[in-house]
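Structure assessment
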Amino acid sequence: MLIMIWFMFFGVLCVAACLWGLRRMTRDLAREAEARLPPRGDFIDTSSGRLHYVDVGRGPPLVLIHGLGGQLQHFTYALIEALGNDFRVIAIDRPGSGYSAPTDDRRAHLACQAQALHEAWQALGVERPLVVGHSMGGAVALTLALEYPKEVAGLALLAPLVAQVSDVPPAMRLLAIRSPRWRRWMAETLAIPLTRVTSRQALAQVFAPEAVPADYATRGGGLLALRPQAFHAASTDLAMLEHDLPRQVPRYAALGVPLGVMFGSHDRILEPALHIETLQRQRPEMFVHVEPEAGHMLPIMRPEATVTFIRRMAARAWPSSY
């Protein structure tokens, strides 16, 4: 009996030591990532908490919204410099992402994220921007146009998440956690060490068929994924999309702004046909561009074609200016 009690006690100690070690590793990885990639923009307060953003250039306004698990450096990597000469370009870390304030189940809903972004651009004195959304950022952009139809000049959607998908892409399955408590526990213990181990394979799937850029970890902000807040926000976003997207799809017919979609023909994260056709059924006149041989990460891998697409949608959003 004493031996059994001793083994149980020893087992509890081992588990506790492992958890302590995982938490410490998580904190160390997060501190290292933040030291190497500190905030590069400014902050603004909204009802969903403080948002981190960069604001460059002059001209008609563009608001850039990144995707699931991303942050604004997906746009500063190549797009902002190319657009800043002709537009005022504002890229924002969505609630919970990058250096914006942590989120929760309520603030992660599409409508709440849209409200926070709308509040941010209003506080910055922006009127009727062209909203550019990449991946999940496309779903948020669509919500903005539905909720604030008179305050959005148009939508330029890059590989957008438009409809509910039947399966989570393999690169994102670690994020698929419905329980808020389990999600938080994972973020603080196992998720970041696991992300470090599996990130090369996951990124290869996200960027496929193209190779991950050698400087993505720093220039593209990839290191910021090694923070518990980043995992928690992405996992929460994914859980809320399961509720929000089915309700949003039937509303697309009410979209009253110029609308364009760009996809890579070889996107392995979102199926181009599904998301293009979901919108086309309700907005058959929308502009569609499919970039040959391209994958999901259009803002980073195909910046020239992406800039051309955005400029084309800007001409539709503000025809009198072109």
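All of the points below concern the structure found in this document. (Residues numbered from 1 in each chain as written. Predicted model: local features only at pLDDT ≥ 70, side-chain atom pairs only at ≥ 80, totals over all residues. Heavy atoms only, no water.)

**Some points on the overall build of the chain**
Within the chain one finds twelve helices and eight strands. For 322 residues, the compact-globule estimate of 2.2 N^0.38 gives 20 Å, and the chain sits close to it at 20 Å. Principal-axis analysis of the C-alpha atoms gives the chain an extent of 85 × 40 × 35 Å. Every one of the 322 residues in the chain was classed for burial, and the buried ones make up 53%. In the chain, of all internal contacts separated by at least 6 residues, the share reaching a separation of at least 24 is 81%. Counting only carbon and sulfur atoms, one obtains 57% of the accessible surface of the chain, whose full area is about 14600 Å². (Helix = DSSP H or I, 4+ residues; strand = E, 2+ residues; numbered from the N terminus. Rg over C-alpha atoms; globule rule 2.2 N^0.38 Å. Buried < 20%, exposed > 50% of the residue type's maximum accessible area, 1.4 Å probe, protein only. Contact = heavy atoms within 4.5 Å. Areas by Shrake-Rupley, 256 points an atom, 1.4 Å probe, with all protein chains shown as cover.)

**Observations concerning the pattern of salt bridges**
A full pass over the atoms with the stated rule returns twelve salt bridges. In this structure, R107 and D104 form a salt bridge, with 3.3 Å as the shortest nitrogen-oxygen distance. Given a relative accessible area of 28%, D104 falls into the partly exposed group. For R283, the salt bridge goes to E285, with nearest N and O atoms at 2.3 Å. Connected via shared salt-bridge partners are E210, E291 and R302. (Salt bridge = Lys/Arg side-chain N within 4 Å of Asp/Glu carboxyl O.)

**Notes on the pairing of strand 5 (residues 130-134)**
Summarising burial for strand 5: five of the five residues are buried, a large majority. A two-sided burial pattern is seen for strand 5, the buried positions comprising L130, V132 and H134 on one face and V131 and G133 on the other. Taken together, the four bridges between strand 3 (residues 61-65) and strand 5 define a ladder with parallel strand orientation. Across the sheet, L64 pairs through a bridge with V132, a residue of strand 5. The pairing of strand 5 with strand 6 (residues 154-158) spans five bridges and is classified as parallel. (Pairing = 2+ DSSP bridges.)

**Observations concerning the sheet that holds strand 1 (residues 42-46)**
Judged by pairing direction, the sheet is mixed, and its eight strands sit side by side in the order 1-2-4-3-5-6-7-8 without closing on themselves. Here the strands that pair on one side only, and so sit at the sheet edges, are strand 1 and strand 8 (287-291). Within this sheet the neighbouring strands show an average axis-to-axis angle of 20°, counted without direction. Looking at chain direction, strand 3 and strand 4 (residues 88-92) are connected through five bridges and run parallel. Counterpart to L64 in the pairing with strand 4 is A91. Its contacts with the sheet place helix 5 (residues 136-147) against strand 3, strand 5 and strand 6, and it is angled at close to 150° to strand 5. (Axes fitted to C-alpha atoms, helices over the stretch in contact; angles between N-to-C directions.)

These figures come from the coordinates and say nothing about function on their own.
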